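These are the residues of each chain, in order.
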Amino acid sequence: MGIVEPTPTLEMCTVKAPIRLIVLPLAAALLISACGDEGDSSSESQKKNLQQDVEAVLASDVPGAVVVTAENGNQVANAWGVGDLASRTPMKVEDRFRIGSLAKSYVAVVILQLVDEGKMTLDDSVQKWLPGLVPEGEKITVRQLLNHSSGIPNYEENPKYLAPYLAGDVTHVTTPQQLVKLGTSLPRKFQPGTDASYSNTNYTVAGLIIEKVAGASLAAQFNDRIFTPLKLESSYLPTGPDITGPHAHGYFVLGKPPATDVTRFSPSIAWAGGGIIASSGDASSFYHALLTGRLLPPELLKEMMTTVTGKSGATYGLGIVPRQFSCGTWWGHSGNFPGYLVESYATKNGQRQATIAMNYDPNSMQEKTKNAVEKLIDAAACSKND
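Residues numbered from 1 in each chain as written. Predicted model: local features only at pLDDT ≥ 70, side-chain atom pairs only at ≥ 80, totals over all residues. Heavy atoms only, no water.

**With respect to the overall build of the protein**
Here is step 1: Each helix and strand counted, the protein has 11 helices and 16 strands in total.
Here is step 2: The 386 residues of the protein split such that 59% are buried.
Here is step 3: Nonlocal contacts in the protein, meaning residues at least 24 apart in sequence, comprise 69% of its contacts between residues at least 6 apart.
Here is step 4: For the protein, the exposed surface amounts to about 14,800 Å²; the carbon and sulfur share of it is 52%. (Helix = DSSP H or I, 4+ residues; strand = E, 2+ residues; numbered from the N terminus. Buried < 20%, exposed > 50% of the residue type's maximum accessible area, 1.4 Å probe, protein only. Contact = heavy atoms within 4.5 Å. Areas by Shrake-Rupley, 256 points an atom, 1.4 Å probe, with all protein chains shown as cover.)

In structure tokens, the structure reads:
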């Protein structure tokens, strides 16, 4: 697939002087820092508009946050709080995060590009490409993997999934095939196509299909088809527990507070379903490129945004989901990986975007913090800079 327009620009900025001191339970004191040159009116406007909402997020337990908003691909970014509690290093807009399930959008794009190239179809069965991997794989299509209507259980529901990590071996490697087995060893959720239920196992299988069809690693496919053409220099699929380049440290409450630094964590627990590392600006650029037609032809982008709704009421497209904000329906994904939360959404035409990233696991957040996060992403999407 070719790239048909220039890469969107990011109004990059670095953390400036502290503007307020607050006390958090995770550290004695944290500085909420503004990001942007003093003359950058767009950045200052965003900071002013979102300040109260960000403070509500950081007031209880979240160490730091980055917010990126964009119109017509022109990004404005700000960072607040700290990226590393031990050193009290301020969060920076260029910091990388583990973006969790946003990776599902990237997987779906690669699948659809392979479809566009005539190398496979969405109606191919799992059995065709991965014989014997999934029980009754002949009844499950690639499309059903991508929109979560396969009925394959989520490996995260298997108590064996996190056992080695909870036992202290946070760099333990679980292979994609082992992840699939953890999922398929559980009772089937439903017959394929009769319901929809979110399952990371679906995307592990999809990642393995990509490797089989393309004859190359998933990481190489991401690089060749998305990261390199779009010049997403902070984005990659890691093979080890370390994060290269500038990055935020991730925090997770294991049992009782305070939170533990879980930055060095095996990416193998998520792989295709959530293993990508990227800056918030890169994530925003990816969705802008996707929704403005730079990665897929119109008919396949339309296919991607064709949804199914499960009996639970949740709605899924192919690696992308609709999200209702106070200013309308946006498209994108949310994602968490131990220690991190990232959400990135855009209008259907890709012209307006909002991405938030924070270095605290949502499973460790207090309820009031979760509510504050939801308010923040809505404000980022719906509050225009002056």
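**Overview of empty space enclosed by the protein**
Here is step 1: One pass over the structure, following the stated rule, counts one cavity of 30 Å³ or more.
Here is step 2: The calculated volume of the largest cavity comes to roughly 30 Å³.
Here is step 3: Forming the walls of the largest cavity are His 148, Tyr 198, Tyr 203, Tyr 316, Gly 317, Gly 319, Ile 320, Val 321 and His 333.
Here is step 4: In the lining of the largest cavity, the residues fall into five nonpolar, four polar and no charged. (1 Å grid on protein atoms, 1.4 Å probe; cavity = no way out; pocket = protein on both sides within 12 Å on 5 of 7 lines; lining within 4 Å. Points joined across faces, edges and corners; volume = space filled by probe spheres on them. Nonpolar A, V, L, I, M, F, W, Y, C, P; charged D, E, K, R; others polar.)

**A closer look at the nonpolar core**
Here is step 1: Core analysis: the biggest nonpolar cluster contains 72 residues, and Phe 222, Ile 226, Leu 290 and Met 304 have the highest contact counts within it.
Here is step 2: No other element matches the 10 residues that helix α2 (residues 103-116) contributes to this core.
Here is step 3: Beyond its immediate sequence surroundings of up to four residues, Leu 290 is in contact with Val 109, Leu 295, Leu 296, Leu 301, Met 304 and Ile 320.
Here is step 4: Leu 50, Val 253, Tyr 360 and Leu 376 belong to the second-largest nonpolar core, a separate cluster that totals 32 residues. (Core = buried A, V, L, I, M, F, W, Y, C linked by side-chain atoms within 4.5 Å.)

**As for a nonpolar patch on the surface**
Here is step 1: A surface patch of nonpolar side chains, amounting to about 290 Å² of accessible area, comprises Leu 162, Leu 166 and Leu 254.
Here is step 2: Within the element layout of this structure, Leu 162 appears in the loop between α4 (142-146) and α5 (163-166).
Here is step 3: The partly exposed category is assigned to Leu 162, whose relative accessible area is 32%. (Patch = residues over 30% accessible without salt bridge, like charges linked within 9 Å, V, L, I, M, F, W, Y side chains within 5 Å. Salt bridge = Lys/Arg side-chain N within 4 Å of Asp/Glu carboxyl O.)

**Quick word on the layout of surface pockets**
Here is step 1: Reported here for the largest pocket is a volume of approximately 890 Å³.
Here is step 2: Among the elements of the structure, α5, β9 (260-261), β13 (321-325), β14 (328-337) and β15 (340-346) are those that each provide at least two residues to the lining of the largest pocket.
Here is step 3: By residue class, the composition of the lining of the largest pocket is 19 nonpolar, 12 polar and seven charged.
Here is step 4: What the second largest pocket holds in volume is close to 270 Å³.
Here is step 5: Considering only residue class, the lining of the second largest pocket consists of nine nonpolar, nine polar and one charged.

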